[in-house]
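# Understanding the architecture of this molecule
Residues per chain are reported as follows:
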Amino acid sequence: MEINVSQLLQEPIGSIRDYQVDEAADIIGDGNKYTTRGECHLLRTQRSILVKCALNADVELTCNRCLSKFRHPLKINFEEEFLPTVDIASGTPLPLPEETSAFTIDEHHNIDTAEAIRQYALMAVPMKALCRKDCAGLCQKCGKNLNQGKCDCPAEEIDPRWSALTKLQ
Ligand SMILES: [Zn+2]
Ligand SMILES: [Zn+2]
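Residues numbered from 1 in each chain as written. Chains lettered and ligands numbered in written order. Predicted model: local features only at pLDDT ≥ 70, side-chain atom pairs only at ≥ 80, totals over all residues. Heavy atoms only, no water.

### Description of the pairing of strand S4 (residues 49-62)
- Strand direction decides the pairing type here: strand S3 (residues 34-44) and S4, joined by 9 bridges, are antiparallel. Opposite Gly-38, over in S4, you have Leu-55 as the bridge partner.
- Remark: 4 residues form the turn of the hairpin made by S3 and S4, two consecutive strands paired antiparallel.
- Examined bridge by bridge, S4 and strand S5 (residues 69-84) share 14 bridges and lie antiparallel to one another. Residue pairing across strands places Ile-49 opposite Phe-82, the latter belonging to S5.
- Between the end of S4 and the start of S5, which pair antiparallel, lie 6 residues, with Leu-67 showing a positive phi angle near 65°. (Pairing = 2+ DSSP bridges. Helix = DSSP H or I, 4+ residues; strand = E, 2+ residues; numbered from the N terminus.)

### So, the state of the cysteines
- The final tally for this structure, using the stated rule, is 1 disulfide.
- Here Cys-40 is linked by a disulfide to Cys-53, with a sulfur-sulfur distance of 2.0 Å. For the disulfide bridge between Cys-40 and Cys-53, the dihedral angle about the S-S bond is near 110°, and by the sign convention the bridge is right-handed. Placement of Cys-40 in strand S3 and of Cys-53 in strand S4 is noted, with a sequence separation of 13 residues between them. (Disulfide = S-S within 2.5 Å.)

### Some details on the coordination of the zinc ion (ligand 1)
- With distances of 2.2 to 2.3 Å, the protein atoms coordinating the zinc ion (ligand 1) are Cys-63 (SG), Cys-66 (SG), Cys-131 (SG) and Cys-135 (SG).
- In this structure, the zinc ion (ligand 1) is coordinated by 4 donor atoms arranged in tetrahedral fashion, with angles at the metal of 106 to 114°.
- Each donor residue of the zinc ion (ligand 1) lies on one chain, and together they are spaced C-x2-C-x64-C-x3-C. With Cys-63 in the loop between S4 and S5 and Cys-131 in the loop between helix H2 (114-124) and helix H3 (160-168), this pair connects stretches of sequence that are 68 residues apart. (Donors = N, O, S within 2.8 Å, 3.2 Å for Na, K, Ca; no water. Tetrahedral: all angles 85-135°; square planar, octahedral: opposite > 155°, others 65-115°.)

Have a look at this one:
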């Protein structure tokens, strides 16, 4: 979402704006567009615009165990400062922020929340995505999805050298 903050930058410190977010974008880099909904609050601070967003999106993930696709609700919450690159009163360029990862307000006084949303959406994706807690996974021999029932493969033959260990489990 692109927001023009030229007005807000000219208002006193502490001024706020609220925005409703409802837009579709490729937020987790899988080529799919997911609708992201929620609210963003913009706060004029001494040196920046502080953007605080609470968003939700329903994304499609691939289960780590059974490789099936499933929908997963993502909560995307963040608070990030956007630093001006141009002085609002004079129009002269400002020195770039020291924090290289800092978000910036462009020379037209626009804030683009897309990159922040993408970064925080990616962080919200579980490292080990499971379609359900007790996902049975795939049979290692025939590849059948064991959530849909047992396969016809013979029971696992255990190397006798390991059998002592499996008894311990
Ligand atoms: Zn699964
Ligand atoms: Zn099998």
